[in-house]
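Remarks on the overall topology
The lines below spell out each chain.
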Amino acid sequence: MGRVLNRFDPWRGKLCTCPPKYSYSPYVGCSHACRYCYITAYIKDAFKPRPKKRVIDRLLRDVQFLPKLPVAVSTSSEPYMPMERRFELTRRSLEVLVRFGFPILIVTKSSMVVRDIDILRRGDIVVSITITTVSGEVARRLEPGAPSPEERLKAVKILLENRIKTTVRIDPLIPSINVEGVEKLVRRLSEIGVGHITSSTYKAKRDSFHRVVEAFPEKEDILHKFYWGRGRWIGRSRYLEDEMRRNILKRVREACSENGMSFATCREGNVIEWLGRCSCDSSHLLSWRLESI
Ligand code: SF4
């Protein structure tokens, strides 16, 4: 029985600024099938999700001997896919992690997370909901299997009303697709009480780039110029040129500043300074501190 709590290592991503933590997912693959998703480069049949074998038994074994670092649920899957309604593996995993005192960082695009508010109240937990646009149409083309932006915004509101620590990831931002209107999204988030945003630009892989232009064929030429013309490789991803990344992220940072929110980026290096004392993965909101273990 292999371990299911593994040290988070985003495929040796050069610019990762995450503090030490585990990565955990009760499922392999993801049904949201976001066009920009990078997991297809690493996981076979990535958009045909399935439960991991004996995952709760394996988790119960791992939590007995591992140090209590935060657990990211999930970094390369969606913990609240439709199949979670049937299997409840995420819910059962959260029960175990809370019982054994592990801090938890939930990353999701699903409004189903509100189902587990009873558990979220009991643990040292931060929920990050990814919302990339306020446009239902753009979201439908970009993230075909995920709940609509309005459903996600509603989930954020419900979590905050229930005093669950909740942040939003505006990630990824893709020029000519979802950068316009980002200020409007930040304003909406501020209005419902969000205090922290992490945002980053799209980093292309060949296969994900192909899927993005398949969904937005009218943007093919411009995206090709941005990524394969002016962009450059950093590690195994194709990045936009620095100036362009800086300008995009500056828009989000300024909107955050105007609305009194903290701001961080994810794998962007030093193209832009953050706002406030915060962490890219929102772990700054946990009560847990590294010195405590
Ligand atoms: S929710 Fe995350 S893991 Fe799932 S398809 Fe979208 S980007 Fe990939």
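Before reading on, note that the structure itself is shown above.
Below: a short report on this structure. (Residues numbered from 1 in each chain as written. Predicted model: local features only at pLDDT ≥ 70, side-chain atom pairs only at ≥ 80, totals over all residues.)

1. Let's talk about the overall build of the protein
Inclusion rule: Each helix is a run of DSSP H or I of at least 4 residues and each strand a run of E of at least 2, with the numbering of both proceeding from the N terminus. This radius of gyration counts C-alpha atoms alone. The globule rule is 2.2 Å times how many residues there are, raised to the power 0.38. By definition, residue pairs are in contact when their C-beta atoms, positioned from the backbone, come within 7 Å.
Scanning the protein from N- to C-terminus turns up ten helices and twelve strands. Taken over C-alpha atoms, the radius of gyration comes to 18 Å for the protein, in line with the 19 Å a tight globule of 293 residues would show. Projecting the C-alpha coordinates of the protein onto the three principal axes gives extents of approximately 50 × 40 × 35 Å. Taking all contacts inside the protein whose residues are at least 6 apart in sequence as the whole, residues at least 24 apart take part in 71%.

2. Thoughts on helix H6 (residues 149–161)
Which entries qualify depends on this criterion: Any helix carries an expected span of 1.5 Å times its number of residues minus one. With C-beta atoms placed from the backbone, a residue is labelled by how many other C-beta atoms lie within 10 Å of its own: buried for 20 or more, exposed for 12 or fewer, partly exposed between the two. The directions considered for the arc run from the helix axis to the C-beta atoms.
Relative to the 18 Å expected for 13 residues at 1.5 Å per residue, H6 spans 18 Å between its end C-alpha atoms, a close match to the ideal helical length. Taken together, the buried positions of H6 are Pro149, Arg152, Leu153, Ala155, Val156 and Leu159. The arc that holds every buried residue of H6, seen down its axis, measures 155 degrees, which confines them to one face. In this structure, the buried residues of H6 make contact with strand E7 (125–130), helix H5 (136–142), strand E8 (165–173) and helix H7 (182–191). A positive backbone phi angle near 60 degrees is found at Arg163, which sits one or two residues after H6.

3. A look at unusual backbone geometry
Omega for the bond connecting Val73 with Ser74 falls within 30 degrees of zero, at 0 degrees, which places this linkage in the cis form. With respect to the helices and strands, the residue Ser74 is situated in the loop between strand E5 (71–73) and helix H2 (83–87). Phi at Asp45 is positive, roughly 50 degrees, even though this residue is not glycine. The exposure class of Asp45 is exposed, given the 10 C-beta atoms found within 10 Å. In the Ramachandran plot, Ser176 falls in the positive-phi region, its phi being about 75 degrees despite a non-glycine side chain. Relative to the helices and strands, Ser176 resides in the loop between E8 and H7.

4. Here's the deal with helix H1 (residues 55–65)
Of the residues making up H1, those classed as buried are Val55, Leu59, Asp62 and Val63. The buried residues of H1 occupy an angular sector of 95 degrees when projected down its axis, which confines them to one face. Of the exposed residues in H1, those oriented more than 90 degrees away from the buried face are Asp57, Gln64 and Phe65.

5. Considering the site of the ligand
Cut-off, in case you're wondering: Using a C-beta atom placed from the backbone, a residue is described as near a molecule or strand when that atom lies within 6 Å of it. Note on residue classes: Ala, Val, Leu, Ile, Met, Phe, Trp, Tyr, Cys and Pro are nonpolar, Asp, Glu, Lys and Arg are charged, and everything else, Gly too, is polar.
Near the ligand the following residues occur: Cys30, His32, Ala33, Cys34, Cys37, Ile39, Ser76, Ser77, Glu78 and Lys109. Taken together, the residues of the shell around the ligand sort by class into five nonpolar, three polar and two charged.

6. Let's talk about the sheet that holds strand E1 (residues 6–7)
Where we set the bar: Note on pairing: DSSP must find at least two bridges between two strands before they are called paired. Only the stretch in contact is used when fitting a helix axis, every axis being a line fitted to C-alpha atoms; angles between N-to-C directions are given from 0 to 180 degrees.
One open sheet accounts for eight strands, arranged E1-E2-E5-E6-E7-E8-E9-E12; its pairing is mixed. Pairing within the sheet leaves two strands with one partner each, and these edge strands are E1 and strand E12 (262–265). Relative to E12, strand E9 (residues 196–201) runs parallel, the two sharing four bridges. Within E12, the residue paired with Thr198 across the bridge is Ala264. Contacts between H7 and the sheet are confined to E8 and E9, with E8 contributing the most and set at about 175 degrees to the helix. The strands touched by helix H10 (residues 242–258) within the sheet are E8, E9 and E12, with E9 carrying the most contacts at an inclination of about 165 degrees.

7. Comments concerning the environment of Leu286
Along the chain, Leu286 falls in the segment after E12. On the neighbour-count criterion, Leu286 (20 C-beta atoms within 10 Å) is buried. In this structure the C-alpha to C-alpha distance between Leu286 and Asn162, which are 124 residues apart in sequence, comes to 16 Å. Dropping the residues within four chain positions of it, Leu286 is found in contact with Pro70, Pro103, Asp124 and Val126.

8. Overview of the pairing of E7
E7 sits mainly inside the fold: six of its six residues count as buried. Neither face of E7 is exposed, since Ile125, Val127 and Ile129 on one face and Val126, Ser128 and Thr130 on the opposite face are all buried. Pairing between strand E6 (residues 104–108) and E7: five bridges, direction parallel. By the bridge assignment for E7, Val107 is matched with Ser128. Of the strand pairs in this sheet, E7 and E8 are connected by five bridges, and their pairing is parallel. Pairing of Val127 across the sheet is with Thr166, part of E8.

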